[in-house]
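In case you want the letters, here they are:
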Amino acid sequence: MGNGNPKSGRALDGVRVLDLTWLQVGPQATRLLATFGAQVIRIEWRERRAVDFLRYTPPYAPDHARADGGRVQGVTRGRGSPGNYDRGAYFNNTNPGKYGITLNLNHSKGRDLLRRMVRDANAICENFSPGQMDKWELGYEELRKINPGIIYLQTTGLGKAGTYKDYVSYGPTAQAFSGLTFLSGLPEQDHPAGWGYSYLDHSPGYFGAILLMAAIRRQRLTGAGCYLDMSQCETGLMLSGTSLLEHQVTGQPTARYGNRMPFMAWSPHGAYRCSGEDNWIAISVQSDEQWRALTDEMGSPPWALDPRFATAAGRRQHENDLDHDLTGFTAGCDRYDLMNRLQARGIPAGVVQKASDRFDHDPQLKARAYYVDLPQSEIGTWPVEGFPAKLSRSPAEVGGMTGRAAPKLGEDNAFVYGELVGLSAAEMSALAEEGVI
Amino acid sequence: MNRDYNLRASLNGLRVLEIGDQLGDYAALLLSGLGAQVIKIEPRDGAGSRRVGPFAGGVPDPEQSLFFWRYNLNKQSVTLDVDHLDAQPALCALAARADLVLLSGEFEVVARRLPLWRRLAQDNPRLIVCTITPFGLDGPWRALKATDLVQMALGGIMAVCGYDPDREGFYDTPPIAPAMWHSYHLGGEYAAIAIMAALNFRELSGEGQFIDVSIHEAVNTCTEVAIPTYVYTGEIVKRQTARHAATVITHARLSESADHVLMLANLSPFERELRALGELADRVGIPHVLGTPEFKQLEKDDRVAAAIYRNDLLMEVVASLPADEIFHRAQAQGLAWSPIRRPEDNLGDPHFAARGSFATINHAELGRDLRYPGTVASDGEAPHFCFDRRAPRLGEHTDLVLRHAGFGEEEIATLRERNLI
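As a convention, each chain's residues are numbered from 1 in the sequence order in which they are written. Each chain gets a letter, beginning with A, and each ligand a number, beginning with 1, in the order they are written. Two thresholds apply to this predicted model, a pLDDT of at least 70 for residue-level local features and 80 or more for giving and counting side-chain atom pairs, whereas whole-chain, interface and lining totals are computed over all residues.

Engineer: Where do I start with the overall build of chain B in this structure?
Structural biologist: Under the scheme used here, helices are H or I runs from DSSP no shorter than 4 residues and strands are E runs no shorter than 2 residues, and both carry numbers assigned from the N terminus. Assigned secondary structure in chain B consists of 15 helices and 14 strands. With the C-alpha coordinates of chain B rotated into their principal frame, the extents come out at 90 × 50 × 50 Å. Summarising the internal contacts of chain B: among those between residues at least 6 apart in sequence, 65% fall at separations of at least 24. Distance between backbone-placed C-beta atoms decides contact: two residues are in contact if it is within 7 Å.

Engineer: It is not clear to me how the overall build of chain A should be interpreted in this structure. Could you clarify?
Structural biologist: Scanning chain A for helices and strands turns up 18 helices and 12 strands. Taken along the three principal axes of its C-alpha coordinates, chain A extends 85 × 55 × 45 Å. Per-residue burial over chain A gives 58% buried out of 437 residues. Long-range contacts, defined here as pairs at least 24 residues apart, represent 71% of the contacts in chain A between residues at least 6 apart. A residue is called partly exposed when the number of other C-beta atoms within 10 Å of its own lies between 12 and 20, exposed at 12 or fewer, and buried at 20 or more, with C-beta atoms placed from the backbone.

Engineer: Quick question: what am I supposed to make of the sheet that holds strand 5 (residues 151-156) of chain A here?
Structural biologist: Within a beta sheet, neighbouring strands are joined by backbone hydrogen bonds and run either parallel or antiparallel to one another. At least two bridges found by DSSP between two strands are what make those strands a pair. Here seven strands make up an open sheet; going across it, the order is 3(A)-2(A)-1(A)-4(A)-5(A)-6(A)-14(B) and the pairing mixed. Single-partner strands in this sheet number two, and they are strand 3 (99-102) of chain A together with strand 14 (377-378) of chain B. Sheet topology note: the strand 2 (residues 39-44) of chain A/strand 3 of chain A ladder contains four bridges and is parallel. Across the sheet, R42 of chain A pairs through a bridge with G100 of chain A, a residue of strand 3 of chain A.

Engineer: Honestly, the domain arrangement of chain B in this entry has me stumped. Any pointers?
Structural biologist: Bring the parts together and some accessible area is lost; that lost area is often taken as the interface size. In this entry, domain limits derive from an automatic or database-based domain assignment. The assigned domain composition of chain B is domain 1 (15-222 + 391-417) and domain 2 (253-340). Taking only C-alpha atoms, the centre of domain 1 of chain B and the centre of domain 2 of chain B are 46 Å apart.

Engineer: In this structure, what is going on with the nonpolar core? I would like to understand it.
Structural biologist: Nonpolar side chains in soluble globular proteins tend to end up buried together. Residue and element names in this part refer to chain B. Ranked by size, the top nonpolar core spans 255 residues in total, and within it A194 and I195 carry the most contacts. The biggest single contributor to this core is helix 6 (residues 182-205), with 14 residues. The contact partners of I195, leaving out residues within four places of it in the chain, are L31, L100, I128, C130 and I211. Any set of buried Ala, Val, Leu, Ile, Met, Phe, Trp, Tyr and Cys residues joined through C-beta atoms within 7 Å is what this text calls a nonpolar core.

Engineer: Just checking my understanding: could you explain the interface of chain B and chain A for this structure?
Structural biologist: Each side of the interface is counted separately: chain B has 125 residues, and chain A has 132 residues. Considering every element that reaches the side of chain B that touches chain A, the biggest residue donor is helix 6 of chain B, with 17 residues. Looking at the side of chain B that touches chain A residue by residue, the class counts come to 75 nonpolar, 33 polar and 17 charged. In this sheet, strand 6 (residues 210-214) of chain B lies alongside strand 12 (residues 389-391) of chain A in antiparallel orientation, the contact comprising three bridges. When the bridges of strand 6 of chain B are listed, L391 of chain A appears paired with I211 of chain B. Residues are grouped as follows: Ala, Val, Leu, Ile, Met, Phe, Trp, Tyr, Cys and Pro are nonpolar; Asp, Glu, Lys and Arg are charged; all remaining types, including Gly, are polar.

Engineer: Would you mind showing me how to read the sheet that holds strand 4 (residues 100-104) of chain B here?
Structural biologist: The strand order across the open sheet built from seven strands is 12(A)-6(B)-5(B)-4(B)-1(B)-2(B)-3(B), with neighbouring strands paired in mixed fashion. Edge positions in the sheet fall to strand 12 of chain A together with strand 3 (76-79) of chain B, since each of these pairs with one other strand and no more. Averaged over all pairs of adjacent strands, the angle between their axes in this sheet comes to 20 degrees, without regard to strand direction. Two elements, strand 1 (residues 15-19) of chain B and strand 2 (residues 37-42) of chain B, share five bridges in a ladder whose sense is parallel. Paired with L17 of chain B across the bridge in strand 2 of chain B is I39 of chain B. Whenever a helix is involved, its axis is fitted only over the stretch in contact; in every case the axis is a line through C-alpha atoms, and angles between N-to-C directions fall within 0 to 180 degrees. Packed onto the sheet, helix 6 of chain B meets strand 12 of chain A together with strand 4, strand 5 (128-133) and strand 6 of chain B and runs at close to 165 degrees relative to strand 5 of chain B.

Engineer: So what exactly am I meant to see when it comes to the domain arrangement of chain A here?
Structural biologist: Under the domain assignment used here, chain A contains domain 1 (6-238 + 368-433) and domain 2 (269-360). Computed from C-alpha coordinates alone, the two centres of domain 1 of chain A and domain 2 of chain A are separated by 42 Å.

Engineer: Sorry, what's going on with the confidence of the model for chain B here?
Structural biologist: In this model, chain B carries an average pLDDT of 96, and 99% of its residues clear a pLDDT of 70 or more. For this predicted complex, the interface confidence comes out at an ipTM of 0.98, alongside a pTM of 0.98. What pLDDT conveys is the predictor's confidence in a given residue, as a value from 0 to 100.

Engineer: Looking at this structure, I do not really get the pairing of strand 8 (residues 243-246) of chain B. What am I missing?
Structural biologist: Every regular strand shows the same layout, with side chains that alternate between the two sheet faces. Residues and elements named next belong to chain B. Across two bridges, strand 7 (residues 238-240) lies against strand 8 in antiparallel orientation. What sits directly across from K238, in strand 8, is A246. In textbook terms, the turn of a hairpin is the stretch between consecutive antiparallel strands, and for strand 7 and strand 8 this stretch comprises two residues, one of which, A242, has a positive phi near 55 degrees.

Engineer: Explain helix 13 (residues 319-330) of chain A here, please?
Structural biologist: Residue and element names in this part refer to chain A. Residue count minus one, scaled by 1.5 Å, sets the expected span of a helix. Over its 12 residues, helix 13 extends 16 Å from the first C-alpha to the last, a length consistent with the 16 Å expected when each residue adds 1.5 Å. Those residues of helix 13 that fall on the buried side of the exposure criterion are L322, D323, L326 and T330. One side of helix 13 holds all its buried residues, which, seen down the axis, span an arc of 95 degrees. With respect to the buried face of helix 13, the exposed residues turned more than 90 degrees away are N320 and H324. Taken from the helix axis, the directions to the C-beta atoms give the arc we talk about.

Engineer: Please clarify how the pairing of strand 12 (residues 358-363) of chain B should be interpreted in this entry.
Structural biologist: All names here are of chain B. Where strand 12 meets strand 13 (residues 368-373), six bridges bridge the pair, whose relative direction is antiparallel. Directly across from I361, in strand 13, lies its bridge partner L370. Adjacent in sequence and paired antiparallel, strand 12 and strand 13 are bridged by four residues, among which G367 carries a positive phi angle near 65 degrees.

What follows is the structure in structure tokens.
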């Protein structure tokens, strides 16, 4: 464990993290540690069932992408073929800045090697099913005997302690259970809209980073270790807004309200169709003054001058009619042009941006250099999603210590086992032959 | 509780000044849950988040905002007109003792306040100054007007959330911003991450720094495969009801239980889950052909027909019993199924009671306790966060905090007479 060099400009300089996580929720947390300069060592094994599922989840880099030929080097886009663990696009976006090694934890020598690495590590992270690490005798209680200051993060759906400690969960399961799925959608529909992705595979990762960094700071100050039993469902409850309080205070069941704003006198408030295919704009009118400005911008059509719509209370009472009439106007408008016109009048409005809009067009993301070009050793240099804050002294660097996007499977065996762990070349080749590394 | 394990006091001694509106409440809340002392400096008519509903009494009242209650636990409230020149001595006195100041709100407001903090940071080089604004402090969109809805639109989450299109692929329902306040959640979580990094750097270097959080970028980080799919293949993922947006429309995932509760029930591509469905069907007494040679042949000959068979069987299993029973039985087979709960369905669940997931907060003015979401992680025995004090009343701690900062009773009285506090 190093103490870190302030001149490095890296907040987590000298911090080593053993990363046994896979899929999204665990790798999200360790990605953020790598971003602040921790030496994150991603540990995987070569067997299909032990390889990170994201390594063989589409989309893949196009087949013609090469180590010196990624998108940034001018390679065209396209759907790649499956069958190679090192060409996953989403995996590449999720795991930049990390070292990658292979280690067989089903082999006793593999477990011994992990224990040896724990001695010099600050933190270890995993999101196996509950109990897997205990079966290997690599649970927190075992590892703290080797390194009393170790920080251990385990992320599961419901948590390792509690009535449902053996239950399994993916992000969508946790979203359904905690109430986030129910809260999202139109009140008139039987079904909720829910989330179009695993929100609870991301937010618990952010919390993982917050808590790991709180623990690392304390470890630097006092040497104390930490055990973190992180729960995706608890994170969902944390993100359920005011719904739990409202229920307790009013006794009423929670309702969902689409894109409207039941808690403020804001109306119209929603997503409105624009010209083109599946194009929409969000408009959020916060005052009568903004409503009058919107009316003016529309050329004061008779429907908008209807006294029913003159006050926020009236607009909310007649919101279905209002939304219908407003759509009659927006449907003929270009979405970005309308956004600019409304913003010029001080009305909060924004295009419902698709991925293409956010990547090709969004001038704000461009100006702030949000996307980061990083090389990957098999598919070349591609843009990776960035970190949403600028720090003046210890900046976020998504490429971390490696300066790369995601590692190939076992890409850094020689460096990690040779230079960091101190194995000789002969020891390494013997372990490789035995199926340990 | 083993004190070494738990982080609830890990930020003890850290003094945080929070100046702003609902963009910053959550970041400061998270720090307070880890033991930081958060002083919320509010205008005399209250911070903006006091005007966000719902309200306990049903009508707007700065002391009755459930939003304010939710996101301001543990904090102290000081009223001070920070934009008035004559309030600066008080602000400077507080800044001299602070480790971190959080400035949140619209760009114009934060940009107007920032120069003072640049000066104060020169006197207090350990000070960390974190701004949270809708789009960050620079760039062509920095001064755009935004609300949570607008941020969810521009940031890309709305485009991947919503309902299925019709058979022709036409969407007759709009994209949906999942309730509620998630752009501020994302901005707050990333602010807390950046602050934790800055605190770690300060332990190395002794230096504070400036942090510029963009909520727009925070929302942008959180759309999963949408960006990689477009960047690598040029394809756009399509939003679909209660499941992942994808380039193709996938099988529905919600089905109705015998007591008409919707269940999230599906099979991931792992072979063991198909076996588990067969075992579950056996246990609830539904005949099926999973695992038979005929089904294996069907899987080879007609993958679509096999998938439809699997899905129909799954829906029949779900429909055979009440949701709660299906939930426990499916979990016993290792299937990650869940009922679509309302948040409040969890208040009485023994699992969360056993973990201490909810914080019980006394509201003397209501004559009762309320339970708040209290943690995201446990140390095996106790939550890592600690929330134990209700949100402050407006200005509840003004005198106390100013006295601690060295102000005498007369000075405080003068500030009050001049309507500065």
